[in-house]
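Summary of structural features
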Amino acid sequence: MIAQNFEYSAPGSLNEALALLAGDDVKVLAGGMSLIPLMKLRLATPGQLVDIGRIAGLNYIREDKGVLRIGATTTHYDVESSALVRSRCPLLAEAASYIGDIQVRNRGTIGGSIAHADPAADYPASLLALEARVVLATAKKQRELALADFFVDTFTTALEPGELIQEVIVPVEDQSTGTSYQKMIQPASGFAIVGVAARVRKSGGKVTMARVGVTGLAGKPYRAVNVEKALEGTAGSATDVQKAAAVVADGVDANSDLHASAGYRKHLARIYTMRALTAALSRTV
Ligand SMILES: Cc1cc2nc3c(=O)[nH]c(=O)nc-3n(C[C@H](O)[C@H](O)[C@H](O)COP(=O)(O)OP(=O)(O)OC[C@H]3O[C@@H](n4cnc5c(N)ncnc54)[C@H](O)[C@@H]3O)c2cc1C
C-alpha cells in the first residue's frame, strides 16, 4: 500500500519547525523508520509532515555541567559510536548498539524512538535506569520532564499537541558505576522480547546504588524499584542478585503475543535482570 497524500515541509531551523507544528493534523518526521511504515499501512494518515532531519541544531551530543545533552535527531549509530557517550555514559551507547540493524541505526533517531514509545524499544530501559530527562518544546514554551513521567502507555507519551522532543539529558556516569544492558532479541525485527538495563555502585563491600529499567515486558517500560531496593545494602553476591531479580515481574501485567507468552516473558525478565545486574556488578570499580 502507499501512504495517503500529505504535505511535506523540511524547515531549516527549530523555530520554523515549531511554528509549522502549531498547525492541525501535523506530524514530525525524523528518521522515518517507524512513521513511514505506519503511513504505508494507513495506520497513520497525517495531513502534513514536518521533516526535522535537516535542522542542524537538533543533531548534537555535548557534555554540559555533569550531564550529556543529546539532540533529538541524533541517530542510534551516532550514539553507539560517539567517543563521548562511550566514555561518559556507556550504558546508552550499549543500548544503541542493540537497536535493529545498521540501516535502522543509521536512520533512526533517539527522539523518534522515545516519541514512538514502542513497548519493546531498547532505549527506554537504559534511559529509565539513567533517570534521564527530556526537553520538550512548542512555539510558546519549553519544559523538562523525567523520562519516567514521559512514557504514559503503549505508544502513548506525555507529548502535547504541537510539542517536539528537543533533547535528551543523561548523567555523566560516575567512573565507579558498573552498567549493562541485556536483551532477548526477537530475531525477525531485532526488537526486545525483554530487555533489562542495570546500573550499580558499590562501596565498602556493599551495593550503595542500584537502578534497573525494563522494556518489552509490560505495556510501557518501567523502573523495577522493588529489585533496586532488594539489592541495595547487600554484598551483591550471586544469591543477592538472584533474590533481587526474582521480584522484577511481580505485579506486572505482562505482554503476551506470538513471540512469547506472559509467563515466559516474566521468566525471561528474571533471567535478564540477573544477567544485567551480574554484568553491571562485574564492571564496578
Ligand atoms: C526493521 C526495523 C527494526 C527495528 N528494530 C528496533 C530495535 O531492535 N529496537 C528499537 O528500539 N527500535 C527498533 N526499530 C525502531 C527504530 O529504532 C526507529 O528508529 C524508532 O522507533 C523511530 O525513530 P525515527 O527517528 O525513525 O522516528 P520516525 O519514524 O520518524 O517517527 C516515529 C514517531 O515519533 C514522532 N517523532 C519523531 N521525532 C520526534 C521528535 N523529536 N519530537 C516529537 N515527536 C517525534 C513521529 O511523529 C512519529 O510519531 C526498528 C525499526 C525497523 C524499521
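In this report, the structure presented in the accompanying data block is examined. (Residues numbered from 1 in each chain as written. Predicted model: local features only at pLDDT ≥ 70, side-chain atom pairs only at ≥ 80, totals over all residues. Heavy atoms only, no water.)

1. Thoughts on the overall build of the chain
Here is the rule: Helix and strand assignments follow DSSP, with helices taken as H or I runs no shorter than four residues and strands as E runs no shorter than two, numbered in order from the N terminus. Based on C-alpha atoms, the radius of gyration is set beside the globule rule, defined as 2.2 Å times the residue count to the power 0.38. When accessible area is computed with a 1.4 Å probe and restricted to protein chains, residues below 20% of their type maximum are described as buried, those above 50% as exposed, and intermediate ones as partly exposed. Throughout, a residue-residue contact means that at least one pair of heavy atoms, one from each residue, lies within 4.5 Å.
Secondary structure assignment for the chain yields twelve helices and 14 strands. Taking 2.2 N^0.38 as the reference for a compact globule, 285 residues should give roughly 19 Å; the C-alpha atoms of the chain span a radius of gyration of 19 Å, in line with that estimate. Dimensions of the chain, computed from C-alpha atoms along their principal axes, come out at roughly 60 × 45 × 30 Å. Counting over 285 residues, the chain shows a buried share of 51%. Partitioning the contacts of the chain with sequence separation of at least 6, the portion at a separation of at least 24 is 62%.

2. Observations concerning the site of the ligand
The test is simple: What makes a residue near a molecule or strand is one non-hydrogen atom of that residue sitting within 4 Å of it. Any N or O atom pair separated by 3.5 Å or less is treated as a polar contact, with the protein-specific requirement of one donor-capable and one acceptor-capable atom, and with residues adjacent in sequence counted only for side-chain atom pairs. Residue exposure ignores everything except the shown protein chains as possible cover, and the areas themselves are Shrake-Rupley values with a 1.4 Å probe. Each residue is assigned to one of three groups, with Ala, Val, Leu, Ile, Met, Phe, Trp, Tyr, Cys and Pro labelled nonpolar, Asp, Glu, Lys and Arg labelled charged, and all others, Gly among them, labelled polar.
Close to the ligand lie 31 residues, the nearest being V28, L35, T109, D122 and G190. One of the backbone N or O atoms of M33 is found 2.8 Å from an oxygen atom in the ligand. Between the ligand and the protein, one listed contact pairs an oxygen atom with a side-chain N or O atom of K183 at 3.5 Å. Across the complex, the protein chains shield 90% of the 970 Å² of accessible surface that the ligand would expose by itself. Counting residues per element, the ones that place at least two in the shell around the ligand are β2 (26-29), α7 (110-116) and β10 (164-171). In terms of residue count, α7 provides more of the shell around the ligand than any other element does, five residues in total. A breakdown of the residues in the shell around the ligand according to their chemical character gives 15 nonpolar, 13 polar and three charged.

3. Focus on the nonpolar core
Our working definition: Think of a nonpolar core as a cluster: buried Ala, Val, Leu, Ile, Met, Phe, Trp, Tyr and Cys residues, connected wherever their side-chain atoms sit within 4.5 Å.
Among the nonpolar cores identified, the biggest contains 35 residues, and L92, I114, L127, V134 and V170 are the most heavily contacted of them. Elements with a contribution of two residues or more to this core: β5 (67-71), α5 (90-97), α7, α8 (123-129), β6 (133-137), α9 (147-150), β10 and β12 (192-203). In this structure, L92 is in contact with I70, V79, V85, I110, Y123, S126, L127, L130 and V170, ignoring residues within four places of it in sequence.

4. Considerations on the packing of helix α11 (residues 238-245) against helix α12 (residues 262-282)
Note the threshold: To define axes, lines are fitted to C-alpha atoms, for helices over the stretch in contact only, and angles between the resulting N-to-C directions are given on a 0 to 180 degree scale. Small angles under 35 degrees read as roughly parallel and large ones over 145 as roughly antiparallel, with 65 to 115 read as roughly perpendicular and the rest as oblique. A crossing counts as left-handed when the near helix is turned anticlockwise from the far one by less than a right angle, and as right-handed when that turn is clockwise.
Contact pair α11 / α12: the axes reach a minimum separation of 9 Å and the direction vectors enclose 140°. On the basis of the axis angle, α11 is oblique to α12. Crossing hand, α11 versus α12: right-handed. Residue-level inspection shows V241, Q242 and A245 of α11 in contact with α12, the latter providing R270, T273, M274, L277, T278 and L281. Among the residues making up the contact of α11 with α12, the classes are represented as five nonpolar, three polar and one charged.

5. So, α12
Basically, it comes down to this: Multiplying 1.5 Å by the helix residue count minus one yields the expected span of that helix.
The first and last C-alpha atoms of α12 sit 30 Å apart over 21 residues, in line with the 30 Å expected at 1.5 Å per residue. Residues R265, L268, A269, Y272, T273, A276, L277, A279, A280 and L281 constitute the buried set of α12. In this structure, the buried side of α12 is in contact with β11 (178-185), β12, β13 (206-215), α10 (225-231) and α11.

6. Topic: the sheet that holds β11
Across a sheet, paired strands are connected by hydrogen bonds in the backbone, their directions being either parallel or antiparallel. Spelled out, the test is: Only strands that DSSP links by at least two bridges are regarded as paired with each other.
Reading across from one edge, β11-β12-β13-β14 is the order of the four strands in this open sheet, with antiparallel pairing throughout. Every other strand in the sheet has two partners, leaving β11 and β14 (222-223) as the edge strands with one partner each. In this sheet, β13 lies alongside β12 in antiparallel orientation, the contact comprising nine bridges. Residue pairing in the sheet places V196 in a bridge with V214 of β13. In the packing of α5 onto the sheet, the strands contacted are β11 and β12, and the crossing angle to β11 comes to about 15°. Contacts from α12 reach β11, β12 and β13, with the element oriented near 35° to β12.

7. A look at the packing of aromatic side chains
Selection rule: Ring pairs shown here join Phe, Tyr and Trp side chains whose ring centres sit within 6.5 Å, with only the six-membered ring taken for Trp; geometry is labelled stacked below 30 degrees between planes, edge-to-face above 60, and tilted in between. Charge-over-ring placement is defined geometrically: NZ (Lys) or CZ (Arg) within 6 Å of the ring centre, and within 35 degrees of the ring normal.
Following the criterion strictly, the structure yields two aromatic pairs and no others. With 5.5 Å between their ring centres and 75° between their planes, F150 and F151 make a pair best called edge-to-face. In terms of burial, F150 and F151 fall into one category: buried. For the cation-ring pair, R62 lies above Y60, with the distance from its terminal atom to the ring centre recorded as 4.0 Å. Geometry around Y272 places R275 over its ring, the cationic atom sitting 4.8 Å from the centre.

8. Re unusual backbone geometry
At E131, a position not held by glycine, the phi torsion is positive, near 55°. Looking at the secondary structure, you find E131 in the loop between α8 and β6. Taking the relative accessible area as the measure of exposure, E131 reaches 41% and is therefore partly exposed. Residue F155 is not a glycine yet carries a positive backbone phi of 55°.

9. Brief notes about the layout of surface pockets
Operational definition: We place a 1 Å grid over just the protein atoms. Points where a 1.4 Å probe fits but has no way out form a cavity, open points with protein on both sides within 12 Å along at least 5 of 7 lines form a pocket, and any residue with an atom within 4 Å of a point lines it. Grid points are joined across faces, edges and corners, and a volume is the space filled by probe spheres set on the points.
Size it by volume and the second largest pocket reaches roughly 190 Å³. Lining the second largest pocket we find S87, P90, L91, E94, E173, D174, Q175, T177, G178, T179, R283 and V285. Put simply, the parts of the chain that give the lining of the second largest pocket at least two residues each are α5 and β11. It is α5 that contributes the most residues to the lining of the second largest pocket, three residues altogether. Among the residues making up the lining of the second largest pocket, the classes are represented as three nonpolar, five polar and four charged.

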